[in-house]
Amino acid sequence: QVQLVQSGGGLVQAGGSLKLSCAASGLYMPSYGMGWFRQAPGKERDFVAALSVSGVSEYYADSVKGRFTVSRDSTQNTLYLEMNTLKPEDTAVYYCAAQYGAPPHWASRVDNWGQGTQVTVSS
């Protein structure tokens, strides 16, 4: 019943910015921790950023801290990832995630996934 539909992504030059969106349906956002993961070719799906169930606390992987910002609009039921100062190593498929009752941090425990969207950062 829960659906996470992603938009955004694409090709951007190194140093540029990109914003991803994740429109959620079939869930009550204040009951879910929500966040983002990414998976590069040949690698595991890794944690990027997340919000607590309350939306007050933010969590970031060390590799993106200070460059990426996660936020949500509960009125629109939409999660965002603002990516700044992008680097070629940020190239990956990015996945929106929702986990009931807790912020998503471990991919194996995520309840719901978006379809994924490609982000490619050129040099």
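Scroll up a little and you will see the structure.
A few points on the structure. (Residues numbered from 1 in each chain as written. Predicted model: local features only at pLDDT ≥ 70, side-chain atom pairs only at ≥ 80, totals over all residues. Heavy atoms only, no water.)

### A look at the pairing of strand S5 (residues 46-51)
Link 1 in the chain: Here S5 lies mainly inside the structure; 5 of its 6 residues are buried.
Link 2 in the chain: In this structure, strand S4 (residues 32-39) lies alongside S5, joined through 5 bridges in antiparallel fashion. Note that in S5 the partner of methionine 34 across the bridge is leucine 51.
Link 3 in the chain: What sits between the antiparallel neighbours S4 and S5 is a turn of 6 residues, in which glycine 42 has the positive phi angle 75°.
Link 4 in the chain: Two elements, S5 and strand S6 (residues 58-60), share 3 bridges in a ladder whose sense is antiparallel. The residue of S6 that forms the bridge with leucine 51 is glutamate 58.
Link 5 in the chain: Where S5 folds back onto S6 in an antiparallel hairpin, the turn is made up of 6 residues, including glycine 55, whose phi is positive at roughly 85°. (Buried < 20%, exposed > 50% of the residue type's maximum accessible area, 1.4 Å probe, protein only. Helix = DSSP H or I, 4+ residues; strand = E, 2+ residues; numbered from the N terminus. Pairing = 2+ DSSP bridges.)

### A few points about the sheet that holds strand S1 (residues 3-7)
To summarise the sheet geometry, strands pair through backbone hydrogen bonds and adopt either a parallel or an antiparallel arrangement.
Link 1 in the chain: Spatially, the 4 strands line up as an open sheet ordered S1-S3-S8-S7, and their pairing is antiparallel. If you trace the sheet from one side to the other, it starts and ends with S1 and strand S7 (68-73), each paired once. On average, each strand axis in the sheet is tilted by 20° relative to the strand beside it, whichever way the strands run.
Link 2 in the chain: By the bridge criterion, 5 bridges tie S1 to strand S3 (residues 18-25) in an arrangement that is antiparallel. Along S3, the bridge assignment pairs leucine 4 with alanine 24. (Axes fitted to C-alpha atoms, helices over the stretch in contact; angles between N-to-C directions.)

### Let's talk about the side chain of asparagine 112
Link 1 in the chain: Within the element layout of this structure, asparagine 112 appears in strand S10 (residues 112-113).
Link 2 in the chain: Take asparagine 112: its relative accessible area is 16%, and that puts it in the buried class.

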